[in-house]
Each structure stands twice: as structure tokens, then as C-alpha cells.
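Per-entry structural report
As a plain string of letters, each chain reads:
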Amino acid sequence: MDWSDLEKVRARPVDTRHLEEVIGALQSEYSRHSTPYKQTILGLIQEINGYQRGVLSKIDILELRDQIGHLLYYKIKNLPIELPYDVEYLPMLQSHFKNPTVIVLRRIRRFLMAPHRRVLTKMEEEQARERHLRLENLDINRRLRAALEEMQRYQTMARLTKAVTRKLDILTKALHLPAAAHSEFRILDNMLTDRHHLRHHEATDWVGRSPFRGNQKVMRKVVADGLNVLDEKSQEIFATMEGLTGISFDRDVAHMDVHVSWYALGTPQKRGEDFVKIFDTDERVEHKLKRLTYFMIRSGWDVARYRDTFENLFPSKRDLQENVGKLALLFFDIEEKIAESNRPDGEVANAIENDRDMGLLSDAEARDARAWVAENKTRLQGLKLEIFQTMIELKAKYGELELPEELQAQLDETVSDDTWGTTPEGVPRITLMDLHREVESLGADSGASDEELLARWLALHGKIGERLKEMANMRFHRRLRAECTDFSEYESKLLEFGKAEDRLQDMRVTCEKKIIDCYRNVSYPDVDPELLQSVLELIIDDMLMKLKKLDFESIRADRYADLIDQALAMSPDHGLHALDQLLHEMHAIPRQEQLIQALGDWESTLPREEFERKQTFIFENDMRLQKLVDDVRAELRERMADIDIRTRRLRFEVFSLADCYTENLRTVLQALLRMAPKVTSEQEGERLIDNIQAIEAQVIEAQRITCKGGEADDRLRELERAKLLPPAVLAELRGDLEENFGGLDDLLGEANRALVRVRELQNRFGGSYETRQFEVTINIHDLDRLKAIYHFVENITMMDIKRFGVVYQHKNTLMADLYERAVKNDPEVPPKITKQINRRTHKQFLENRHVPLALKIDILRDVPEILESECELLIRTLNFVNNTRIREKSIYKAILQIMAQVKGANVEKLRGLRRVWLRMRNRLNAHKPRNFSKNYQNNVRSLFTDVNEIVGHRFEDL
């Protein structure tokens, strides 16, 4: 958004008695870039900021959550309807409305589109700066003078540098300084002007104690003068950059992101803010960072709690399918708890160790806690077996019951193997000696290269994992239970197997340590990228477990700076791959707000000074990491010209197009599909549908950025004209964009097939969902073409247009099928229609979809399914087409032409037309649009008015 434009716009006061009209205008009548739209939003800002703290009762973000639009709604006490608000103007709200909105938006971050994610990121950065702004240490004059001197230093460095691209990198860093100063003093101003701000009184007191002696006007004048000096210097730098490149830059340094780069083809995202990272790992990261205590383990893992839930699920046979779904969820939850119970580096062990270190548990109590975990795990395994047997019996008794695919597969495998109480094959022996010897052999092998050792350690890690899976297999435990006369004997055997499992877990931990050691020493070009990715996942898991204990050493920016220096000292080829891996690793470090949230769990336990020290570390370390990420990207860009072997993924990463890379998005989609076999209910399936549609929306956004004539293409042309990139890299990037666009098209088809698969799963669990809308794949070109032809409202979304396309295609398919059947004299086609469809009319229909008016009236009157599809298409047209262009649309004009036939019509024809119109009118009145309701009402009113003028009172006498 161009914030400077708002200075010329005067707010339009909002009449809260007519909010429906305001909502309708914001949704469909105004362009978001128009002056009336901005005037209305500024009026809403004044209205919302004028309310006192405590009147906000709800924030409705359904439009953002479902990718429908950009509005969110505030429910205010004593107002009859919710106040609409554009999310991109969020920075202009005062804290009593802004802070709750940030909290709510954070929960749905993965569903936000890139512009809205950037707004949320800026708000989170602002909140972090608010927390860490030390007013007692703030000297405004010194702060402004230091920024100016640093900018001058960067200018001197740039003059001493020969390469143009390096000059631009240095000058861009200089521009970050006034941007940061603007941000910092904007926060200070907010504290002073926002009476609801938590630090308002502190800031006011500080001004009173400062050399300004409480005169805020003088203070603002000093800040404004200093920022003007910085802005003049930044304009000088912009002029230098434009002189070097011939490219025009956005000079609004006051609202510039401090991580922008001059060579980005897309919009740069802050570290960890890309769509794939947020969508794929955010929930897992937040779960792993959350503090657990032994008392929480006792509550969450306790077998008694699970048994109560199990025994209370089936008091009656009502809602049997729903209860079976809950039982399946219980089974999967217990399975996860068992797997986590005996990991020496897992959450349970971590919680007990933390409590002991913090003095919450003595050494003896910690030993008792570990014994309880082992005993509880055994009992959980017995309960899991009972639940599994219950599902076998229920499935045998009620064959129509549906189970999750994964559970059904286990059940089919187990039932075919044996029955309860018999063991045809006996319990398989699980030996560990072969793995133990292999661990010792690899540990003693000093002659092998690091690359060879890494591959062998990873292979051994895989074997250990398979052995652990064997020990968790249901067939194994059913056979073991069948050999035992009672549960106590089974429990004893489980404890014996538990010791073997503990040894396996120790071997796994040893293995992972060796893998990470080898990873730091290998030559990355000589290792399969998939192996490197496997190791990186182990490193990330290890990092998260350390962070869970507030051990921040693994994410310290100084450590990564040393690793980067080592990579820069390598040969160009090896250095490029090492920097690429480090970039991956730094992106995986949890974001600042995730670490702050995790630290909050310890606030009551840690001493105040230590808590604040860790908070400060997180804030400052995050800024340093962001700078390192920017530096690594710039270095990779420079090295690309000298390296023959480089991947498309790396180019997309360096040039800020990671969110557009097909394989990144496909990875996320495939990860979602792996969850499908565990879907236990229609509601769970709906959550999966939401996620897949969010990915689909991101694919469309990626196409918008990377298509021919799109943002990335335009930017690439600018870089090409300025000769800022080597010809080889430019040619590769141009080919990347073209091929990647085709890959995104294929991915849209995959997303549609994924949606069909999940809808079919939902139908198995009692749903009744249509899947025909997923037969249509619409890409960005189709969307733009449909928008141009049909003049849709400006804020229409991809899903709305897709629904329109499906209805349009369905109607054409029905018409084509009717023509084919009529030509073949199908007896089910009404004779009157068959008589009118000859070879000439059939040819006209095939060539230009022309249907004679008399024939169309007969079809609508005598073929109910085509009348229904016509009504559905009319509804979508009236809902989505701008009300200033609706009378130009063919379906609208066709309805008026049909109704015009009432003039001079006989009674039979009048009755047929009346039946058609009544059906259409009833359908239009009954439809409740999900969005753009004002536009729909206006268009329906226009149609009714036009039809009534034509028909008059002719239908009333029939």
C-alpha cells in the first residue's frame, strides 16, 4: 500500500445506522484503490479508535480465513451489526483494537495470503520493538546522528567497491537505517498518542523527565527534523542507485521493509515468513517449543484418563459412526503417546529433566517419574490393544461402519493373520545384536570418508527406525498378548521388550549424533540432496528440543556467522552448496514471536532479570539472523555466475520466489495428503479441505507473480536492461519462470484431485458433497479472462470464479448432451424438442453455442435439470458481475428476450413462460449469497424491475 497517498484523503464519517450499505460498498462497489474506498476506511478508523477499551466483543475474520476477501469485522457492544475493516490498514488502529486482532490473525497465519501475512509480520515486529524499546537509554539526537553517520559510512564503502551489484547491496543496507529509525520513532509516537497503550503513561513520564521537559510538540519537531535529514540522505542514495542501474525505486523509506533487496523478483519475505515454512511446520514447531512439566505429563499421558474416555464412548448404539470416529482419534492419540514415552531425547524425558534442573523434582522424584512413565506406557499399550479389538468386533457386527483408511488397513492385516486368543505363527523374535555390532563397527571405522560414513550412518538410522516400527506393530502385540494367560504376564513381557526398545532408542540417539557430526564435515556437492534434507530434519528436531529447554546456543547468530565465514573460505562450488544448506538451517530457526511465546511459559519460574535477558537476546538475535540471511542470499547471487551446477530451487530462493516454486508447494500438498488416511470424521475432512484450498490459492498467487507480464517477469526485464545479472543467469531465470508456470498448472490439477479424494472420504463418513466443481481446473489466465469478459466485482476470489466456471461448464454439458440425444432420437427427449433439433441447429450449437429462442423456451419448460442449471448460472452471474455491467451479460439479456415472448402469446405458451419465470424468481429469492450480498441484491432488483416492465400483469390472470 502507498501510505503517502492517504495524506491527501479526507475521512468520510461513518453512519453506524447504515452499516449494511457501508459493507456492500466496501465489498463490491468501490475499488480498493479508489478515493471513496479510502475515505470510507479512514472514517471507520476514526469510528473504531473512538471506542473505549472493553467494547470489543468479537473479531470475525471469516473472509480472510476462507480466502474470500480482505475485510475483517469487529463486533462492538451496543451496535446492531459488525463494523467492517480492511486488514491492510491495521497499523492505523489503536492498541485496544490492534493487539487483539494480531492475536487472532496469528492463529490463522497459514491461511493468510502474502500481503496479509506481511501486514501481520509488521505488526509483530512493531510489538517486539515496543517490548524492547528502553526509554531510559533513548537519546533521540544521538540515535539520529548515529544513523546518519552509519549511512555515510556505507556510502564511503560503496564508493570504494568496484562491482555494481556489490555497491547496490551496500547502499540497500544504508537505506535500512532510516527505515528502522522511522519505525522506532513511530512506535514512540504511538505510545504517546494512544491512551490505551500499555506503555502510554511510561512514555509520557519519560518525556517529562527528558530534556524536552514534557513538551511533546518540541520532541516531535526534533524527531521530524532528524528524520528529514535521514530522508534527504536516503534520497541521495536512491539517486545513486538509480544512476547505477537506470531502474526506478520506490522512495518511500518511511514504510520500507528492513529486509528488502534490490534484485528480488518477488516480494521479499522476512526470515521464516514464507508460505511453505508457515504452512508446513508452524504448528509442529509451536507444539515442540511449548514447555511441558512432569505434572502436565501425568495429566496428559495418564492411562486412567484414556480408559475413562474409552468406556464412556458407547453408553448406547446411537451415533455409532460418530463414536467410532472418536475411538479412532483416541487410538491414534495413544499411539503417539506410547511412541513419545521412551524417547531419551523426547518431550517426556525433557520435561522430567527440566523439572529436576529447576528444582521442581528431586533426584529421587525424577527416578520415580521415569518409573511411572515406563509403567504407564505398558498400560497404554494394553488399552490400545483393547481399543483395537473393540473396533474389530464393531466392524464385524456393523459392516457398514467406516474407519479411517490407515486403521482399516491395520485391521484387515491383523484379522487375516489371527484371532483373539490364538497365535498360529507365534511371537516373532526381535534381535538387536546385528544393529549393535553395526553401530560399534561404524564408530570404529576411521578410514572411511565423511561422505561414506554419512550414508552408512543414515542407512543404519533407517534400520533402527524399522526395528522400532516392528516393535510397535499391532500384529506383534496381538501375538504377544495371545501367548499370555493374563494381562499381568503380558505386562511383564512388555517390560522386557521395553528394555530392548530403550537400547534401540539409545542406538538411535547415538546414530543421530554421528550423522550431525558427519554432516558438518562432508562435501555437500558429493552427497545426495535427499540425504542432506534428511540430516537437516534431524538437526532441526535437535535444535527444537534444545530450545524447549531455553538453550539458545544452537540458534546464536554468532555461531552461524562463523559457519558462513568457513563457507566463504571454501572453493566457489563447495561454498555455494554450504551457504545453501546454512540458509535452509537459518530459515528453520523459529521466528521471534514463536520463541517469545515459548519463553512466556517460563515467566513465573525464571528470575525477572534472566527472563528479560532472554527476551532481549531473542529480539537482537533475530535481527542479526535476518541480516545474515540477507547477506547469504546476496553472496549466493554473486556466486551463481561462476558455478555451472545450480538448481532451480536455489535460484527461486535467492531471488525471493520460494513461495512460487512448484516443488515447494507440491511438498506441502503431499504432506497434507499423507494425513488423509487418518481422517476420522466429516469435520476433520473439512479442515483438510480448507488447507488444500489455501494451497490452491497460493498456487494461483504464484502464477500471478511469475506469469508472462507478471511482477517477476517485469522485474527480470528491468534487471536485464540494467545488465545487473550475467546473461547465463538471466536466461536460466527466464526458462525457470516459464517451466515453473507449467508445473503450477499441473499442481492445480493435483490439488483438484486431492479435494475430490477428501470429499469422497467425507462422504464415507456421512457427508453428501458434490465433487463436480473440482473437475474444472482454472489457472491465472483463465481467471483474468473470465474477469475481463464478465466484469466481475473487483474483489472476487479464485474460488468464486471457479464455482462460476463449474456451473457454466455444467450447463453447457447438459445442453450438449441433450442435443446429442435429440439427434439420435432418444425417446426420453420430449418430442417437441427432438423435432426442432436437426442437423443445421445441431451444427449451429456446436460452432457457436447458438440455441434458437423458441427451442430454448421449450427446453427450459420441459427439461427440469437444464432449467435448474440455468437458474444456478443466473444466480452466480447476478452475485459476481458488477452491477454497472449486468445488463450487458448474455444470460441477463436472454431472460429478457424470453420474457418478451409474452406479447401475443397464447394461453399455453403464457403458462409455460410463467412456470419458467416463477422457478427462476423463487430460486433467486431463496439464495443467500455468502459474499457480495449487496451486489447480488442490486442485480436481482434490476432483473425483477426489467422483467416486470416487460411482463406487466399478464401472468396474474393464469
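In this report, we go over the structure that sits alongside the text. (Residues numbered from 1 in each chain as written. Predicted model: local features only at pLDDT ≥ 70, side-chain atom pairs only at ≥ 80, totals over all residues. Heavy atoms only, no water.)

The helix and strand inventory of the protein chain stands at 39 helices and three strands. For 958 residues, the compact-globule estimate of 2.2 N^0.38 gives 30 Å, and the protein chain sits close to it at 33 Å. A principal-axis box enclosing the C-alpha atoms of the protein chain has dimensions of 100 × 85 × 60 Å. Residues classed as buried in the protein chain amount to 54% of the 958 residues present. Within the protein chain, contacts between residues separated by at least 24 positions form 75% of all contacts whose residues are at least 6 apart in sequence. Averaging the positions of the 148 positive and the 163 negative side-chain charges in the protein chain gives two centres separated by 5 Å. (Helix = DSSP H or I, 4+ residues; strand = E, 2+ residues; numbered from the N terminus. Rg over C-alpha atoms; globule rule 2.2 N^0.38 Å. Buried < 20%, exposed > 50% of the residue type's maximum accessible area, 1.4 Å probe, protein only. Contact = heavy atoms within 4.5 Å. Lys, Arg positive; Asp, Glu negative; His and termini not counted. Charge placed at Lys NZ, Arg CZ, Asp CG, Glu CD.)

For strand E2 (residues 71-76), a buried count of five out of six residues is recorded, marking the element as mostly surrounded by other parts of the structure. Where strand E1 (residues 56-60) and E2 come together, four bridges link them in antiparallel fashion. Directly across from Leu-56, in E2, lies its bridge partner Ile-76. One ladder, built from four bridges, connects E2 with strand E3 (residues 83-86); its direction is antiparallel. Note on E3: the bridge partner recorded for Leu-71 is Asp-86. (Pairing = 2+ DSSP bridges.)

Quick look at the pattern of salt bridges now. Throughout the structure, instances matching the rule amount to 81 salt bridges. Between Asp-714 and Arg-717 there is a salt bridge, with its nearest N and O atoms 3.8 Å apart. Here Asp-714 and its partner Arg-717 are both found in helix H29 (residues 711-721), three residues apart, which amounts to about one turn of the helix. Since its relative accessible area comes to 38%, Asp-714 is described here as partly exposed. Relative accessible area serves as the criterion here: at 34%, Arg-717 is assigned to the partly exposed category. The partner of Glu-720 in a salt bridge is Arg-734, with the nearest N and O atoms 3.0 Å apart. Residue Glu-720 is located in helix H29, and its partner Arg-734 is located in helix H30 (residues 727-764); the two are separated by 14 residues in the primary sequence. (Salt bridge = Lys/Arg side-chain N within 4 Å of Asp/Glu carboxyl O.)

Among the structural elements, Glu-870 can be located in helix H36 (residues 864-880). The class for Glu-870 is buried, based on a relative accessible area of 1%. There is a polar contact of 3.3 Å between the side chain of Glu-870 and the side chain of Lys-811. Excluding residues that lie within four positions of it along the chain, Glu-870 makes contacts with Lys-811, Lys-856, Leu-860, Ile-891 and Met-920. (Polar contact = N/O pair within 3.5 Å; in protein donor to acceptor, adjacent residues only side chain to side chain.)

All told, the structure shown has 17 aromatic pairs when counted by the stated rule. Their ring planes at 85° and their centres at 6.0 Å tell us that Tyr-263 and Phe-655 sit as a pair that is edge-to-face. Pair noted here: Tyr-263 is in the loop between helix H9 (216-245) and helix H10 (275-289) and Phe-655 is in the loop between helix H26 (648-654) and helix H27 (662-673), with a separation of 392 residues, a long-range link. The two residues Tyr-263 and Phe-655 agree in class, both being buried. Every member of this aromatic cluster is reached through a ring pair, and the members are Tyr-790, Phe-792, Phe-804 and Phe-880. Positioned above the aromatic ring of Tyr-154 is the side chain of Arg-153, whose terminal nitrogen or guanidinium carbon lies 5.1 Å from the ring centre. (Phe/Tyr/Trp six-rings, centres within 6.5 Å; stacked < 30°, edge-to-face > 60°. Lys NZ or Arg CZ within 6 Å of the ring centre and 35° of its normal.)

Helix length check: helix H6 (residues 140-160), at 21 residues, gives a terminal C-alpha distance of 31 Å against a target of 30 Å (1.5 Å per residue), a fit within 8%. All of the buried residues along H6 are Ile-140, Leu-144, Ala-147, Leu-148, Met-151, Tyr-154, Gln-155 and Ala-158. End-on view of H6: buried residues confined to an arc of 120°, all on one side of the axis. Buried positions along H6 lie against helix H7 (164-193), helix H8 (200-209) and H9. The N-cap of H6, judged by a side-chain oxygen 3.3 Å from the amide nitrogen of Asn-141 a few residues on, is Asp-139. (Expected span 1.5 Å × (residues − 1). Arc of directions from axis to C-beta.)

On to helix H11 (residues 294-301). Along H11, the residues that are buried comprise Tyr-294, Ile-297, Gly-300 and Trp-301. Here the buried residues of H11 occupy an arc of 125° about the axis, which is enough to place them on one side. At its buried positions, H11 is contacted by helix H12 (303-311), helix H13 (320-341), helix H14 (347-357) and helix H15 (363-397).

This part is about the side chain of Asp-86. Here Asp-86 shows up in strand E3. Looking at Asp-86, its side chain comes within polar contact range of the side chain of Tyr-37, at 2.5 Å.

This brings us to the sheet that holds E1. Reading across from one edge, E1-E2-E3 is the order of the three strands in this open sheet, with antiparallel pairing throughout. One side of each edge strand has no neighbouring strand; the edge strands of this open sheet are E1 and E3. Neighbour-to-neighbour, the strand axes of the sheet open up by a mean angle of 30°, direction not taken into account. Together, E2 and E3 form the strand contacts of helix H2 (residues 35-49), whose direction differs from that of E3 by roughly 120°. Sheet strands touched by helix H4 (residues 95-107): E1 and E2. Its angle to E1, the strand with the most contacts, is close to 40°. (Axes fitted to C-alpha atoms, helices over the stretch in contact; angles between N-to-C directions.)

To continue, consider unusual backbone geometry. Residues other than glycine seldom take positive phi values, yet Asn-78 does so here, at roughly 75°. In this fold, Asn-78 is placed in the loop between E2 and E3. Relative accessible area serves as the criterion here: at 81%, Asn-78 is assigned to the exposed category. Positive phi values are uncommon outside glycine, yet Leu-550 reaches one of about 65°. Of note, Leu-550 is situated in the loop between helix H21 (529-548) and helix H22 (557-568).

So, about the packing of H10 against H21. The N-to-C vectors of H10 and H21 enclose an angle of 40°; their axes lie 8 Å apart at closest approach. Between H10 and H21, the interaxial angle falls into the category oblique. In contact with Arg-284, Val-285, His-287, Lys-288 and Leu-289 of H10, H21 contributes Asp-541, Leu-544, Met-545, Leu-547 and Lys-548. Along the lines of polarity and charge, the residues of the contact of H10 with H21 split into five nonpolar, one polar and four charged. (Parallel < 35°, antiparallel > 145°, perpendicular 65-115°, else oblique. Nonpolar A, V, L, I, M, F, W, Y, C, P; charged D, E, K, R; others polar.)

As a rule of thumb, nonpolar side chains are buried together in soluble globular proteins. Tyr-74, Met-899 and Leu-943 are the most contacted members of the largest nonpolar core, which totals 255 residues. It is H30 that contributes the most residues to this core, 13 residues altogether. The next biggest cluster of nonpolar side chains, apart from the first, holds 44 residues, and it includes Phe-310, Ile-338, Ile-352 and Leu-394. (Core = buried A, V, L, I, M, F, W, Y, C linked by side-chain atoms within 4.5 Å.)

Its place among the elements puts Arg-220 in helix H9. By relative accessible area, which is 29% here, Arg-220 ends up partly exposed. Put simply, Arg-220 and Phe-185 are 35 residues apart on the chain and 9.3 Å apart in space, counted from C-alpha to C-alpha. The contact partners of Arg-220, leaving out residues within four places of it in the chain, are Asp-189, Leu-192 and Thr-193.

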